[in-house]
Amino acid sequence: QVQLVESGGGSVQAGGSLRLSCVVSRVTWYNMAWFRQAPGNEREGVAGISSRGDLTYYPDSVKGRFTISRDNAKNTVYLQMNSLKPEDTAMYYCAAGGVWSRLIATEFGYWGQGTQVTVSS
């Protein structure tokens with residue numbers, strides 16, 4: 001069983017930055033991803049990374065502002081979020097096991113509990 005634990009969320013003003021972390025309970029070569037879900041909205045993929053960390057994918061909504069990375073030696077995945085906007089407000093989830101370039105939530109078998117990000121204008 002793989003457990004994921006996110007941290008790093010918080011409240012920030014528009015234009016600010018946050019870095020989220022996701023610690024994985026054991027060594028894994030799964031593709032990893034970050035998703036977010038705002039109240040009333042579907043879960044949306046915002047970044048994916050391949051098992052070796054050499055390939056990444058971002059939807060247009062965050063491209064150029066968010067950066068996903070991983071440190072396999074530390075079993076940790078990061079999401080650096082810059083130039084944050086109020087519409088980025090959501091619960092952010094770390095996920096493992098799906099396709100890094102497709103970000104379909106149902107294809108990811110392992111999920112963290114989420115960390116809240118709130119961006120004020």
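Our subject is the structure that appears above.
All values reported here derive from a predicted model rather than from experimental measurement. (Residues numbered from 1 in each chain as written. Predicted model: local features only at pLDDT ≥ 70, side-chain atom pairs only at ≥ 80, totals over all residues. Heavy atoms only, no water.)

A.B. asks: What is the right way to look at unusual backbone geometry in this model?
C.D. replies: Both trends apply: most residues other than glycine have a negative phi, and most peptide bonds are in trans. Positive phi is not limited to glycine here, since Asn75 has a value of about 50°. Positionally, Asn75 belongs in the loop between β7 (66-71) and β8 (76-81). Located in the positive-phi region is Leu103, a residue other than glycine, with phi close to 50°. Relative to the helices and strands, Leu103 resides in the loop between β9 (90-96) and β10 (110-111). According to the relative accessible area criterion, Leu103 is buried, its value standing at 10%. (Helix = DSSP H or I, 4+ residues; strand = E, 2+ residues; numbered from the N terminus. Buried < 20%, exposed > 50% of the residue type's maximum accessible area, 1.4 Å probe, protein only.)

A.B. asks: Explanation requested: empty space enclosed by the protein in the structure shown.
C.D. replies: To find leftover empty space, one rolls a probe the size of a water molecule over the atoms. Scanning the entire structure with this criterion turns up one cavity of 30 Å³ or more. The calculated volume of the largest cavity comes to roughly 50 Å³. Every residue lining the largest cavity is listed: Val24, Thr28, Met32, Arg70, Asn72, Asn75, Thr76 and Val77. (1 Å grid on protein atoms, 1.4 Å probe; cavity = no way out; pocket = protein on both sides within 12 Å on 5 of 7 lines; lining within 4 Å. Points joined across faces, edges and corners; volume = space filled by probe spheres on them.)

A.B. asks: How do you make sense of the pattern of salt bridges when you look at a structure like this?
C.D. replies: A side chain of one charge can pair with a side chain of the opposite charge if their charged atoms are brought near each other. If you walk through the whole model with that rule in mind, you get five salt bridges. Measuring nitrogen to oxygen at the nearest pair gives 2.7 Å for the salt bridge that ties Arg65 to Asp88. Here Arg65, found in the loop between β6 (56-57) and β7, pairs with Asp88, found in the loop between β8 and β9; they are 23 residues apart in sequence, far enough to count as distant. The exposure classification of Arg65 matches that of Asp88, with both residues buried. Via salt bridges that share partners, Arg36, Glu44, Arg65 and Asp88 belong to a single interconnected network. (Salt bridge = Lys/Arg side-chain N within 4 Å of Asp/Glu carboxyl O.)

A.B. asks: Is there a simple way to explain the packing of aromatic side chains in this structure?
C.D. replies: Applying the stated rule across the entire model yields five aromatic pairs. Where Tyr30 meets Tyr110, the ring centres are 5.4 Å apart and the plane angle is 40°; that geometry is what we call tilted. Linking Tyr30 in the loop between β3 (18-24) and β4 (32-37) with Tyr110 in strand β10, this pair joins segments that are 80 residues apart in sequence. For Tyr110, a relative accessible area of 21% puts it in the partly exposed group. A centroid spacing of 6.4 Å and a plane angle of 80° characterise the contact between Tyr93 and Trp111, whose relative ring orientation is edge-to-face. Taken as a pair, Tyr93 in strand β9 and Trp111 in strand β10 lie far apart in primary sequence, 18 residues in all. Take Tyr93: its relative accessible area is 13%, and that puts it in the buried class. Taking the relative accessible area as the measure of exposure, Trp111 reaches 26% and is therefore partly exposed. Looking at Arg43, its charged tip hangs above the ring of Tyr93, at a distance of 3.9 Å from the centre. Over the face of the ring belonging to Trp111 we find Arg43, whose NZ or CZ atom lies 4.7 Å from the ring centre. (Phe/Tyr/Trp six-rings, centres within 6.5 Å; stacked < 30°, edge-to-face > 60°. Lys NZ or Arg CZ within 6 Å of the ring centre and 35° of its normal.)

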